[in-house]
Structures are given as structure tokens and as C-alpha cells.
Amino acid sequence: MKVIKVKNLVKRFGKLEAVKGVSFSVKEGEIFGFLGPNGAGKTTTINVLCTLLAPTEGEAIVNGFNVIKERDQVRESIGLVFQEPALDDYLTAEQNLRFHAYAYSIPKETLEPRMKALLEMVELWDRRKEKTNTYSGGMKRRLEIARGLLHHPKVLFLDEPTLGLDPQTRSRIWNHIHELRKKENLAIFMTTHYMDEAENCDRIAVIDYGEIVALDTPDKLKDAFGGDVITIKTEDNDKAVSLLKNQYNLQPSQENGTIRFTVPHGEEFLPGFVSGFPIRLISIGLHRPTLEDVFLKLTGRAIREQEADQMQQLFKRRMRMRGH
Amino acid sequence: MKKFFHSIWVIAYREFLHFIQDRARMISSFTMPVLFLVIFGAGFGKLIGQMMPGVDYLQFMYPGILAMTVLMTSIMSGVSIVWDREFGFLKEVLVSPLNRSGILLGKATGAAGIAIMQGVIMLVIAPIVGVSLSWGIVLGLIPLIIILSIALSALGLLIGARMRSQQGFQLTMQLVIFPMMFLSGIFFPLTGVATWLEVLSKINPVTYGIDAIRQVFLGSEVAGVTIFGHTMGIAESALLVLGVGIVLLIGAIWSFNKQE
């Protein structure tokens with residue numbers, strides 16, 4: 001069964017077209033990832049799917065309900081973890097969960113065991129009586145995941161679930177996500193710009209400038225890449241690039257003094273290449289394509305370049321929130 | 001309909017929870033009015049005695065401070081919707097199945113409820129600071145406090161629903177709350193002041209709320225606000241504030257639903 005069906009979804013803000021007609025569907029129990037740089041339309045799509053924004057055109061169905069006409073049913077079917085914490089810091093973890101339970105009209109009999117199970121899963125049961133302003137970023141995110149699941153949603157939306165968290169916390173959150181999928185048969189729709197995280201998804205949609213440029217399993221995306229990635233540094237990169245283009249019929253790209261290109265069967269290509277290349281090589285490397293390479297090829301730029309920018313923004317926002 | 005009332009209750013519940021758990025706010029809710037009462041009372045005591053012979057300064061100030069407490073609390077709680085937005089919590093509320101108008105009315109109920117609690121605290125303080133109260137006065141004051149707090153919470157919410165950042169908050173304080181407070185006759189009687197001041201104070205709906213409260217308190221010793229040659233009685237002033245409150249509340253709901 002498909003829990004999310006999106007057809008030609010368009011969202012415009014005035015003249016700006018943030019989402020330009022995307023179509024995809026998410027199956028029950030699937031981890032579906034939206035991979036793309038900042039401003040690609042990931043969060044806008046999530047906001048449309050969770051009824052925070054009305055689409056300009058197109059159709060979106062969540063758990064069989066239309067996001068425009070059946071908002072309340074959609075809202076009851078979904079759980080959400082936002083990019084930025086959305087907890088009430090004046091309340092304790094438990095009070096935050098209780099507020100959520102009231103808002104979703106969860107009956108008391110089911111609430112108590114559910115709350116305990118979820119808080120134990122995210123390892124916060126012992127600290128449930130503490131106000132959330134004493135929590136670290138990772139703890140807050142875990143609490144929000146527990147909260148998002150409290151009302152047994154069919155789909156859990158995770159908008160950059162590990163943004164700004166340290167590696168240990170990130171892997172811990174991923175363990176929770178995998179555990180969840182096993183236990184609840186729940187579809188997870190997530191956005192990320194971490195390539196290694198996207199590997200955890202069953203299927204990935206690569207989105208750029210509001211359009212889906214590729215949609216497949218991580219393995220198939222890499223297979224479709226067309227061979228292995230070779231990176232070289234030479235004494236004269238510009239000359240090497242034109243040589244690779246004209247004589248080797250390759251499509252090299254240059255970034256930070258490194259030339260990279262793709263060849264089928266890289267191991268067999270290398271020996272002949274090294275002995276025959278006329279410009280002196282400083283270094284040479286070969287690797288199987290990663291999602292980063294796939295992304296680079298599809299969009300023509302590295303996602304890392306934007307990441308620094310995004311972290312900076314996040315930092316500024318946090319500072320402002322503290323009143324600095 | 002059930003969902004609508006449920007939404008109001010859930011949101012109001014959170015406001016009360018905040019009020020009860022925030023110690024600093026609880027303490028300041030006592031100290032601020034008492035401080036004003038003591039300092040302004042000592043400062044203006046004699047002056048007011050000269051302006052309104054026969055009226056005890058404390059008896060004049062107390063209803064004003066009571067109204068001020070209600071005013072500050074209501075507007076502040078209403079504007080707190082900006083905080084919810086800034087700290088992201090509003091999103092959690094907005095994606096829940098709660099009814100939009102119910103969310104706003106819940107906020108208003110919470111804000112008004114807290115303001116009423118503050119008002120009651122003030123009534124409890126009264127005998128301690130030497131203000132004489134009778135049960136009749138208390139019974140007359142409570143509905144007025146309720147009306148005033150609903151109207152002012154609605155004003156706070158209307159501002160809060162349109163405001164995007166906390167920076168606007170300070171501006172609101174200076175451009176809305178303080179002028180409303182000073183132009184309402186809380187601190188000094190509005191009889192015999194400059195014409196421009198008189199006109200401004202008569203546009204200010206808070207003036208009527210305070211006037212009604214003061215009339216309940218001091219009885220016929222003070223005359224009501226005169227507007228176009230008509231002197232407003234307690235009921236008339238109360239109805240006027242209620243009317244303004246309903247209009248503001250509808251405006252706030254409309255503005256909130258439109259933007260979110």
C-alpha cells in the first residue's frame with residue numbers, strides 16, 4: 001500500500017517556484033529520503049505534506065487523505081520532527097508528551113504504556129521529569145521522535161533529523177529509526193543533506209531546484225552512475241583536463257586542484273592510463289561511486305559546499321533564540 | 001463543535017501550566033503591583049487628594065493598579081504567541097488536529113484566565129496593604145476584570161498573530177502597552193487635563209474599563225467618563241469594553257487563520 005502519493009506538486013511563493021511539479025510515492029514501512037541542498041524544496045514539500053502549506057498546484061494524498069480537503073485526517077495520520085526543536089522548554093519532557101496526547105485525543109489507557117515504551121526506546125525515561133531546557137540537542141531530538149510517534153502515526157516525517165548533532169548521537173538516532181521501522185511498520189519520510197545518512201534509506205529522491213532529478217534505491221543510483229570514479233592531481237591540471245577531454249573522450253571536472261572523471265571498470269583502466277599519460281601525475285585515486293558522486297553528477301555541485309553555510313545559519317539562529 | 005472546545009481547553013491548559021510552574025512570574029505578579037501601589041501612592045498621594053477632595057489616595061490608586069495588573073498580564077500572555085512561534089512550538093500545535101480558531105480562543109482563554117487569577121491575587125492583597133473591600137465590591141469587580149482581560153488578551157493576540165519576531169515585542173511594549181496604561185487614568189484622574197490628552201484617553205478603551213472598576217470601588221464619589229455630553233455608567237462602560245473585545249477577538253482569529 002502507498003501511504004504517500006504525490007502528483008505534479010507545485011508550490012510557488014509569489015514569483016519563486018520552490019517546488020516545480022514533483023511526483024513520487026512512498027510505500028508502507030519504507031524509509032524514503034529526500035536528498036538535496038539547502039533551498040532545493042525539501043522542507044517546502046514536507047510542509048505541504050503535513051498541511052502547513054497549501055500546494056499551488058497538483059495533488060498530495062497522505063494515508064488516503066487529501067492534504068487540502070481532509071486536513072484533520074492527514075494531521076492525525078502523521079508524526080513530525082522538525083528541523084528546529086519544537087518543544088515547550090518551560091515544560092518537562094513528560095508534560096510535553098502529555099500536551100501532545102491531549103492535542104491528539106489519545107485515550108489515557110493507551111497513553112501511559114505507550115509513553116513509557118517510547119521514552120524507554122529513546123532512553124529518556126529516567127529524565128522524563130526534567131524540563132526540556134536542560135536537555136542537549138540530541139536529547140531534544142530523541143524526545144521529539146518519541147512525541148511524533150505517540151499517536152501511532154502511519155508516516156513519520158523527519159526534517160533533517162540529525163542536523164547539528166555529533167556523530168555518536170547521529171548514529172544513535174539512526175538506531176532508533178531502524179528499530180522503529182521493525183516494530184511499527186511505519187513509513188518514514190526524511191530529508192537530509194548528509195550523504196552517509198541517505199545510505200540508510202530504502203529509496204532516495206535527489207531533489208535540486210524544486211525538481212526530482214533521480215529516484216531509486218541507493219545501490220541502483222550508484223550503479224546508474226556509470227563506472228568508477230578516478231581522481232587525479234597533476235603538475236598541470238588545466239592541460240590535463242583538455243587532454244582527458246580530447247584524447248580520452250572523458251568528461252573531467254576540476255575542483256580544489258583535483259580532477260575527477262568516471263570510467264567503466266576502473267581497475268583495468270588505471271595501469272594503461274598511468275603508463276601512458278603525458279603529464280606528470282602527483283596522485284591518483286580510484287573509488288566506487290558514492291552518493292556524493294551521484295549527487296555531484298546530477299546537480300553539478302557538491303552538497304558539502306552548502307553545508308558550511310547552513311551550519312552557520314543554524315548557529316546564528318540559535319544565538320538569536322538565546323537573545324544574544 | 002466538540003473538537004473546537006477541546007482545542008480551547010488543551011491550549012488554555014498549557015497556559016495555566018506555564019503560569020503555575022513559572023516561579024519568577026508568580027513572584028513578580030505579586031511584587032510589581034505592590035511596588036507600584038506603595039511608590040506611586042507615596043508620590044502622588046497628596047496631589048490626588050487635592051484634585052479629588054474626600055477621596056483617599058490608596059482607594060483611588062488601588063483600582064487603577066488592579067486594572068494595570070490585568071492589562072499587563074492579558075496583553076503579555078496574548079503576545080506570547082510570538083514566543084511560541086519563535087521557539088518552534090507553534091508548529092507542533094499547528095500540525096496537530098486541533099481546530100485553528102480553537103487554538104486562538106484557547107490562547108485568549110488562557111491569557112484571560114491568568115489575568116483573572118492575577119486580579120484575584122490583587123483582591124487578596126488588598127486588605128494587607130490597607131485597602132478596604134466589601135464582598136459587594138468584590139462581586140462587582142470580578143465580571144469587570146473578566147471583560148477587561150478578554151478584551152486585552154484579544155488585543156495582545158491580534159498583535160502577536162501579526163508579529164514575526166521578538167524584536168517587535170519591545171516596540172509593542174512601548175507603543176501599545178505604556179500609552180494605553182498612561183492614557184487610561186490609572187495613575188491620575190483625567191478630569192481637567194489638556195484637551196489632547198483628554199481626547200486620546202477617551203479613544204482608549206482601557207479608560208472605560210478602569211472607570212467602571214473605579215466606579216464600583218468608590219461609588220458615586222467619582223463621575224464616569226463623559227463622552228459627547230453623556231456620562232458613562234458602569235454597565236455602559238463594561239459593554240463598550242466587551243464590544244471592543246469581541247471585535248478584537250474576531251480580528252485576531254481572522255488574522256491568525258489567514259496567516260497560518
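Residues numbered from 1 in each chain as written. Chains lettered and ligands numbered in written order. Predicted model: local features only at pLDDT ≥ 70, side-chain atom pairs only at ≥ 80, totals over all residues.

1. Notes on the overall build of chain A
- Counting secondary structure elements, chain A contains twelve helices and 14 strands.
- Considered along the principal axes of its C-alpha atoms, chain A spans approximately 75 × 40 × 40 Å.
- Within chain A, the proportion of its 324 residues that are buried is 37%.
- Across chain A, every contact between residues at least 6 apart in sequence was considered, and the portion connecting residues at least 24 apart equals 71%. (Helix = DSSP H or I, 4+ residues; strand = E, 2+ residues; numbered from the N terminus. Buried ≥ 20, exposed ≤ 12 C-beta atoms within 10 Å, placed from the backbone. Contact = placed C-beta atoms within 7 Å.)

2. Regarding the overall build of chain B
- Helix and strand counts for chain B come out as eleven helices and two strands.
- When the helices and strands of chain B are read in sequence order from the N terminus, they spell out α-α-α-α-α-α-α-α-α-α-β-β-α.
- Projecting the C-alpha coordinates of chain B onto the three principal axes gives extents of approximately 60 × 40 × 35 Å.

3. Looking at the sheet that holds strand S12 (residues 253-255) of chain A
All names here are of chain A.
- Read from one edge of the open sheet, four strands run S12-S13-S11-S14, paired in antiparallel fashion. At either end of the open sheet lies a strand with only one pairing partner, and these are S12 and strand S14 (281-287). Neighbour-to-neighbour, the strand axes of the sheet open up by a mean angle of 25°, direction not taken into account.
- In the sheet, strand S11 (residues 228-234) pairs with strand S13 (residues 258-263) via five bridges, with the strands oriented antiparallel. Looking at S13, one finds that isoleucine 232 is bridged to isoleucine 259.
- Contacts between helix H9 (residues 237-246) and the sheet are confined to S11, S12 and S13, with S13 contributing the most and set at about 15° to the helix.
- Sheet contacts for helix H10 (residues 266-276): S11, S13 and S14; angle to S14, the most-contacted strand, approximately 170°. (Pairing = 2+ DSSP bridges. Axes fitted to C-alpha atoms, helices over the stretch in contact; angles between N-to-C directions.)

4. A short note on the domain arrangement of chain A
- The domains assigned to chain A are domain 1 (2-217) and domain 2 (226-288).
- When each unit is reduced to the centre of its C-alpha atoms, the spacing between domain 1 of chain A and domain 2 of chain A is 42 Å. (Domains from an automatic or database assignment.)

5. Quick look at the environment of A:Ser253
- Structurally, the position occupied by A:Ser253 is in strand S12.
- The spacing of A:Ser253 and A:Met1 is 252 residues in sequence and 42 Å in space, taken between C-alpha atoms.

6. A word on the sheet that holds strand S6 (residues 78-81) of chain A
All names here are of chain A.
- Taken in spatial order, the six strands make up an open sheet running S6-S7-S8-S3-S9-S10, and their pairing is mixed. Of all strands in the sheet, those bounded by a partner on one side alone are S6 and strand S10 (211-216). For this sheet the average axis-to-axis angle between neighbouring strands, irrespective of direction, equals 15°.
- Here five bridges tie strand S9 (residues 203-208) to S10, and the two strands are oriented antiparallel to one another. Following the sheet pairing, valine 206 is matched in S10 by alanine 214.
- Packing against the sheet, helix H1 (residues 42-49) makes contact with strand S3 (31-35), strand S7 (155-159), strand S8 (187-192) and S9, and its axis sits at approximately 150° to S7.

7. What to know about the interface of chain B and chain A
- Facing 19 residues of chain B, the contacting portion of chain A comprises 23 residues.
- Residue assignment for the side of chain B that touches chain A shows that the elements contributing at least two residues are helix H1 (2-21) and helix H5 (89-94) of chain B.
- Class assignment for the residues of the side of chain B that touches chain A results in nine nonpolar, five polar and five charged. (Nonpolar A, V, L, I, M, F, W, Y, C, P; charged D, E, K, R; others polar.)

8. Examining the nonpolar core
- Counting residues in hydrophobic clusters, the biggest one holds 140 residues, and the most contacted among them are A:Val62, A:Ala146, A:Phe157, A:Ile188, B:Leu71, B:Ala154 and B:Ala252.
- Looking at this core, the element that brings in the most residues is helix H7 (residues 135-162) of chain B, giving 14 residues.
- Ignoring sequence-local partners within four residues, the contact set of B:Ala252 consists of B:Leu104, B:Ala154, B:Leu157, B:Leu158 and B:Ala161. (Core = buried A, V, L, I, M, F, W, Y, C linked by C-beta atoms within 7 Å.)

9. Some thoughts on the environment of A:Arg170
- Here A:Arg170 shows up in helix H6 (residues 167-184).
- Expressed as a C-alpha distance, the spacing of A:Arg170 and A:Arg142, which sit 28 residues apart in the sequence, is 10 Å.

10. Some remarks on the confidence of the model for chain A
- The pLDDT averaged across chain A works out to 85; a share of 93% of its residues lies at or above 70.
- In the model of chain A, helix H12 (residues 304-321) of chain A stands out as the element of lowest mean pLDDT, 55, in contrast to helix H3 (residues 93-103) of chain A, which has the highest, 93. (pLDDT = per-residue confidence, 0-100.)

11. Examining the packing of H1(B) against helix H6 (residues 100-129) of chain B
All names here are of chain B.
- Closest axis-to-axis distance for the H1/H6 pair is 7 Å, and the angle between their directions is 40°. Compared by their axis directions, H1 and H6 come out oblique. Considering how the two elements wind past one another, H1 and H6 form a crossing that is right-handed. Across the interface between the two elements, Phe4, Ser7, Ile8, Trp9, Val10, Ile11, Ala12, Glu15, Phe16 and Phe19 of H1 pack against Ser101, Gly102, Ile103, Leu105, Gly106, Lys107, Thr109, Gly110, Ala111, Gly113 and Ile114 of H6.
- Tallied by class, residues from the contact of H1 with H6 come to twelve nonpolar, seven polar and two charged. (Parallel < 35°, antiparallel > 145°, perpendicular 65-115°, else oblique. Left-handed = near helix turned anticlockwise from the far one by under 90°.)

12. Some points on the environment of A:Phe157
All names here are of chain A.
- Take phenylalanine 157: it is sitting in strand S7.
- Residues phenylalanine 157 and valine 81 lie 76 residues apart in sequence; the distance between their C-alpha atoms is 6.1 Å.
- Non-local contacts of phenylalanine 157, meaning those with residues more than four positions away in its chain, are made with Ile46, Leu49, Cys50, Ile78, Gly79, Leu80, Val81 and Phe189.

13. Quick notes on helix H4 (residues 108-121) of chain A
Residues and elements named next belong to chain A.
- Over its 14 residues, H4 extends 20 Å from the first C-alpha to the last, a length consistent with the 20 Å expected when each residue adds 1.5 Å.
- Residues Met115, Leu118 and Leu119 constitute the buried set of H4. The arc that holds the buried residues of H4, viewed along the axis, is 95°, so those residues lie on one side. Facing away from the buried side of H4 by more than 90 degrees, the exposed set consists of Glu109, Pro113 and Lys116.
- Tucked inside the fold, the buried residues of H4 contact H3 and helix H5 (137-149).
- Once H4 finishes, glutamate 123 follows within two positions and takes phi at roughly 55°, a positive value. (Expected span 1.5 Å × (residues − 1). Arc of directions from axis to C-beta.)

14. Considerations on the packing of helix H3 (residues 57-79) of chain B against H6(B)
All names here are of chain B.
- At a closest axis distance of 8 Å, the pairing of H3 and H6 adopts a crossing angle of 155°. What the angle tells us is that H3 and H6 run roughly antiparallel. Between H3 and H6 lies a crossing whose hand is right-handed. Packed against H3, whose contacting residues are Tyr62, Leu66, Thr69, Val70, Thr73, Ser74, Ser77 and Gly78, the element H6 presents Lys107, Gly110, Ala111, Ala112, Ile114, Ala115, Gln118, Gly119, Met122 and Ala126 at the interface.
- Class assignment of the residues belonging to the contact of H3 with H6 gives a composition of nine nonpolar, eight polar and one charged.

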